[in-house]
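# Remarks on the overall topology
The residues making up each chain are set out below.
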Amino acid sequence: ANKEAVNAMKPWLINSEKYTATVHRDTVHFFPGEMESIIDDLTRQIHVLSVGQQAGKIVRGELIPDSHLALSVSLDFADLPQIELSNDDSLNYLRKLTIRLADQRDGLYCITNSQVPFDISKVVSGALKSKWPKGWRILQSGNGINLLAG
């Protein structure tokens, strides 16, 4: 497994020393360390599709955080730089529209609304784009907003 990518995830977790990480098909997952022997036994006996909380994917040796991680109660976003979006910008972001941030440096950010994290994403050339799965996007119809769960 790509140990550097797994270790890159550790500062993002509250009490990271309590977790064990594994890589399956270039996706990093973490779970409580005390479950490691049970998980090892199970994966030897049955076909397991996924273990633990999904943290991100390894792309060209770099861990790209997954939207699932931002929604985890295990996320320690205090040390991640944050971008606070207004309600309107948050809705546009979740509609998968590009948000322009002229004064924002390129890099990885925890995206928040009302100080609640809902994504981890990169700003590239002043542009912030949602990586949420297409089925999670928000579509507006009429006077109401429908959240389409995938």
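Everything below is about the structure shown above.
Reference entry: report on the structure contained in this document.

Basis of the calculations
- Residues numbered from 1 in each chain as written.
- Predicted model: local features only at pLDDT ≥ 70, side-chain atom pairs only at ≥ 80, totals over all residues.
- Heavy atoms only, no water.
- Helix = DSSP H or I, 4+ residues; strand = E, 2+ residues; numbered from the N terminus.
- Buried < 20%, exposed > 50% of the residue type's maximum accessible area, 1.4 Å probe, protein only.
- Contact = heavy atoms within 4.5 Å.
- Areas by Shrake-Rupley, 256 points an atom, 1.4 Å probe, with all protein chains shown as cover.
- 1 Å grid on protein atoms, 1.4 Å probe; cavity = no way out; pocket = protein on both sides within 12 Å on 5 of 7 lines; lining within 4 Å.
- Points joined across faces, edges and corners; volume = space filled by probe spheres on them.
- Nonpolar A, V, L, I, M, F, W, Y, C, P; charged D, E, K, R; others polar.
- Pairing = 2+ DSSP bridges.
- Axes fitted to C-alpha atoms, helices over the stretch in contact; angles between N-to-C directions.
- Patch = residues over 30% accessible without salt bridge, like charges linked within 9 Å, V, L, I, M, F, W, Y side chains within 5 Å.
- Salt bridge = Lys/Arg side-chain N within 4 Å of Asp/Glu carboxyl O.
- Core = buried A, V, L, I, M, F, W, Y, C linked by side-chain atoms within 4.5 Å.
- Phe/Tyr/Trp six-rings, centres within 6.5 Å; stacked < 30°, edge-to-face > 60°.

### Overview of the overall build of the chain
Secondary structure assignment for the chain yields 4 helices and 11 strands. Counting over 150 residues, the chain shows a buried share of 35%. Pairs at least 24 apart in sequence give 52% of the contacts found in the chain among residues at least 6 apart. Taken as a whole, the chain presents about 9,200 Å² of accessible surface, with 51% of it coming from carbon and sulfur.

### Section: the layout of surface pockets
Put simply, the largest pocket is a space of about 250 Å³. T22, H24, I39, T43 and V51 are, among the 16 residues lining the largest pocket, the residues nearest its centre. Where the lining of the largest pocket is concerned, the elements lending two or more residues are strand 1 (19-24), strand 2 (27-32) and helix 2 (36-45). Residues of the lining of the largest pocket, tallied by class, amount to 7 nonpolar, 7 polar and 2 charged.

### Quick look at the sheet that holds strand 1
Taking strand neighbours across the sheet as the criterion, the 4 strands line up as 1-2-3-4 in an open arrangement whose pairing is antiparallel. Bordering the open sheet on either side are strand 1 and strand 4 (62-65), each of which pairs with just one other strand. The sheet shows a mean angle of 35 degrees between the axes of neighbouring strands, direction not considered. Alignment of strand 1 against strand 2, held across 6 bridges, turns out to be antiparallel. Bridged to T20 within strand 2 is F31.

### A short note on the sheet that holds strand 5 (residues 82-84)
Strand order across the open sheet formed by 5 strands is 5-7-8-9-6, with mixed pairing between neighbours. Across the chains shown, the open sheet's two edge strands, defined by having one partner strand only, are strand 5 and strand 6 (99-100). Examined bridge by bridge, strand 8 (residues 116-124) and strand 9 (residues 127-128) share 2 bridges and lie antiparallel to one another. By the bridge assignment for strand 9, V124 is matched with A127. With respect to the sheet, helix 4 (residues 87-94) is in contact with strand 6, strand 7 (107-113), strand 8 and strand 9, its orientation differing from that of strand 8 by roughly 70 degrees.

### Let's talk about a nonpolar patch on the surface
Taken together, the side chains of M35, I38, L42 and I46 define a hydrophobic patch exposed on the protein surface, amounting to about 340 Å² of accessible area. Tracing the backbone shows I38 in helix 2. The partly exposed category is assigned to I38, whose relative accessible area is 42%.

### Overview of the nonpolar core
One finds M9, W12, F30, L69 and L75 to be the most contacted residues of the largest nonpolar core, which totals 15 residues. Looking at this core, the elements with two or more residues in it are strand 2, strand 3 (53-59) and helix 3 (67-70). Each residue touching M9, except ones within four places of it in the same chain, is listed here: A21, V28, F30, A55 and L63. Judged by nonpolar contacts, the second largest core, of 13 residues, contains L94, L101, V123 and L128.

### Structural notes on the side chain of S72
Structurally, the position occupied by S72 is in the loop between helix 3 and strand 5. Once you skip the residues sitting within four places of it in the chain, S72 turns out to touch F30 and Q53.

### Brief notes about the packing of aromatic side chains
Summed over the entire model, instances satisfying the criterion amount to 2 aromatic pairs. Ring centres of Y19 and F30 lie 5.2 Å apart, and the angle between their planes is 90 degrees; on these two criteria the pair is classed as edge-to-face. Taken together, the positions of Y19 in strand 1 and F30 in strand 2 put the pair 11 residues apart, joining distant regions of the chain. Across this residue pair, the class does not change: Y19 and F30 are buried. Ring centres of Y93 and F118 lie 5.7 Å apart, and the angle between their planes is 80 degrees; this geometry places the pair in the edge-to-face category. You can see Y93 sitting in helix 4 and its partner F118 sitting in strand 8, a full 25 residues away along the chain.

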